[in-house]
Amino acid sequence: MIDRFNRIARGIIFFRHHLSDKQFLIVSSIIVGLLSGGAAVILKSFVHSIQHWIERYSYEDFFLVIFFPLVGIAFTVLLINTIWKHSFKKGSAEITYAITKKSSQLPLSHTYSHIITSAITVGFGGSTGLESPMVSTGSAIGSNVARAFRLSYKEKTILLACGASAGIAAAFNSPIAGVLFAIEVLLADISAAAFIPLIVAAATGALLAKIILAEGVLLTFTLVSPFDHHNTHYYLLLGLLSGFVALYYARSFDYIHDLMKKIKSTWIRVLIGGVLLAGLVLFFPSLLGEGYESIKSLSNLNTKTIFDRSIVANWVNSEYAVLLFLSLVVLLKSVAAAITIGSGGNGGSFGPSLFMGAYLGFVFARLLNMMLGTDIPEVNFALVGMAGMLSGVFYAPLTAIFLIAEITGGYGLIIPLMMVSAMSLAVANYFQPKSMEGKKLAKLLNASIDDRDQYLLSRLDLSQLIETNFLTIKPTENLEALRKTIAVSTRNTFAVVNDAEELVGIIQLDDVRQIIFSADATETLVKDLMNIPAGELTLQDNLQTALKKFDTTGLWNLPVVDKKRYVGFISKSSLLARYRNELIRSA
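Residues numbered from 1 in each chain as written. Predicted model: local features only at pLDDT ≥ 70, side-chain atom pairs only at ≥ 80, totals over all residues. Heavy atoms only, no water.

Quick notes on the sheet that holds strand β7 (residues 565–571)
Spatially, the 4 strands line up as an open sheet ordered β1-β7-β6-β5, and their pairing is mixed. Two strands in the sheet have a free side with no partner beyond their single neighbour: β1 (466–467) and β5 (537–538). Relative to β7, strand β6 (residues 557–562) runs antiparallel, the two sharing 6 bridges. Bridge pairing in β7 places V560 opposite G568. Contacting β5, β6 and β7, helix α25 (residues 543–553) runs over the sheet at an angle of about 130° to β6. (Pairing = 2+ DSSP bridges. Helix = DSSP H or I, 4+ residues; strand = E, 2+ residues; numbered from the N terminus. Contact = heavy atoms within 4.5 Å. Axes fitted to C-alpha atoms, helices over the stretch in contact; angles between N-to-C directions.)

Topic: the side chain of S136
Structurally, the position occupied by S136 is in helix α7 (residues 131–148). What makes S136 buried here is its relative accessible area of 4%. Look past the residues within four positions of S136 in its chain and what remains in contact with it is G91, I95, H110 and H114. (Buried < 20%, exposed > 50% of the residue type's maximum accessible area, 1.4 Å probe, protein only.)

Side note on the pattern of salt bridges
Enumeration over the complete set of coordinates arrives at 8 salt bridges. A salt bridge links D541 to K549, with the shortest nitrogen-to-oxygen separation between them at 3.9 Å. The partner of K572 in a salt bridge is D551, and the shortest N-O contact between them spans 3.7 Å. Highlighted residues: K572 in helix α26 (residues 572–586) and D551 in helix α25, separated in sequence by 21 residues. On the basis of relative accessible area, D551 is assigned to the exposed category, the value being 57%. Taken together, the shared-partner salt bridges connect E319, R366 and E378 into one network. (Salt bridge = Lys/Arg side-chain N within 4 Å of Asp/Glu carboxyl O.)

Examining helix α19 (residues 414–431)
An α-helical segment advances 3.6 residues per turn. Residues three or four places apart therefore align on the same side. The end-to-end C-alpha separation of α19 is 26 Å, in line with the 26 Å expected for 18 residues at 1.5 Å each. What α19 keeps buried is the set P416, L417, V420, S421, S424, V427 and A428. Mapping the buried residues of α19 onto a view down its axis gives an arc of 135°, with all of them on the same face. Buried-residue contacts for α19 involve α11 (232–261), α17 (378–394) and α18 (397–407). (Expected span 1.5 Å × (residues − 1). Arc of directions from axis to C-beta.)

A look at the pairing of β7
For β7, the tally of buried residues reaches 5 of 7 residues, placing the bulk of the element in the interior. In terms of strand pairing, β1 meets β7 through 2 bridges, oriented antiparallel. Opposite E467, over in β7, you have F569 as the bridge partner. The hairpin formed by β6 and β7 contains 2 residues between the paired strands, and K563 there has a positive phi angle of roughly 55°.

A short note on the pairing of β6
When you tally the buried positions in β6, you get 5 out of 6 residues, the bulk of the element. Where β5 lies against β6, 2 bridges are found, and the strand directions are parallel. When the sheet's bridge partners are listed, L537 is paired in β6 with V560.

Here it is in structure tokens:
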């Protein structure tokens, strides 16, 4: 299969000679859009096939169904641990890390491994979403197509983003949201040249999904009630509430996910996760799988189907009991998602965010109608709540706004969508300056991602800038030995190391130039001439730290140590030259 793909790629490269670089990039984006859209179609179809098979048991023996997530997670973990092992990475932070540190190269296995594992996880009832695996799959397709076509780093990055854009576009039939997701979440440094390929790829992926997938497979809504400006203050309150619930999602997810990861045994972790999910689904059946069907039930104002298979269904016998039940579903969705992913399943936070937002908006609107006697449209608030949660979790307000606008088939709610998304983001950002994926990326890069200069610096590895052609000398050696070392050196700086190769000082030629030929060569020792370094770096430091130390010490060369052992020097001029090249590369 790989050989056939390479033959096709060589054939396309042959035609490249008849196209300009821009034209070939557009052709490549169409290919990536078709492949990524096709991957999204396969994933959606695979999941719905599994769910259709499971539905045969859902009403006959629901107590059997609640343990299906355990089966899905166990099978996912088995595949990852036996086939893909350490090459399997999850989340958009890993994609951005690959853009920054791995020249936008993603493993070829990611073009299919995320499809298989996420389909099994979600298809069997894992309480997570398919969109993040779609993004990972599309990004890998774009990256590997670019590699096969022997494109540059910049073009490879654009095609990687095209794949992610097409994946989101195909998942929701929302090409604009796909483009904006790629820009807001993946491409920290975007140029105008990337827009046309992104648009072409997203449109191609969305069109392919629309042609192939049945209407019920895609998440779509029909907007019934238009926006009423008299409800503006209620929308603002929903935006405020969405921000706090998004914070709750991020913190509860991280906390429970970390707790699951502390369980050392893989299979005990899978077993505990599966049993906990079974318990949650027994009480709250809508936590099973993506949960998009229950969102559609809310849009039809049909709440009974959401809890009719619950073990406590007989106690949900009043309007306030229904609201309490739905409120608990909102709070427990993040718990279920964290357990699913933490115990080894594959999925992301995109779907759970939409799920929680829909329930939150619906509960908020219905509670106002019941308590205040208002008549605000509950479906509209459910839709706008989805945008609020997505914006507050991913810090991607434009994606959230246009996603809901596109899946409702118009822009009738554009004003409340903008208000709620902006308010939610403002609240979440105030208490937590980075999104969940942003924090993960900053940890991977060991650097801030908020500043463009710092982001560009994070692309450079400190270890790649270390120069090892600085000669060393022992502190107990005399001046004659120092003279001989200077004579054969091309540098003006010398590291003084002890017998354990630990750095104890440095000697600058300018500091000893006046005395090197006048002092007694046998009695003057190196330790009498050396200086303690004004600053030093470790292999764990990043380039931002290095620049700060260059500024504070005034030095042009800083020694690098690893557990006190001397490694080499980093030159300020070399660092700035590499940074200049990175600026040119990203321009």
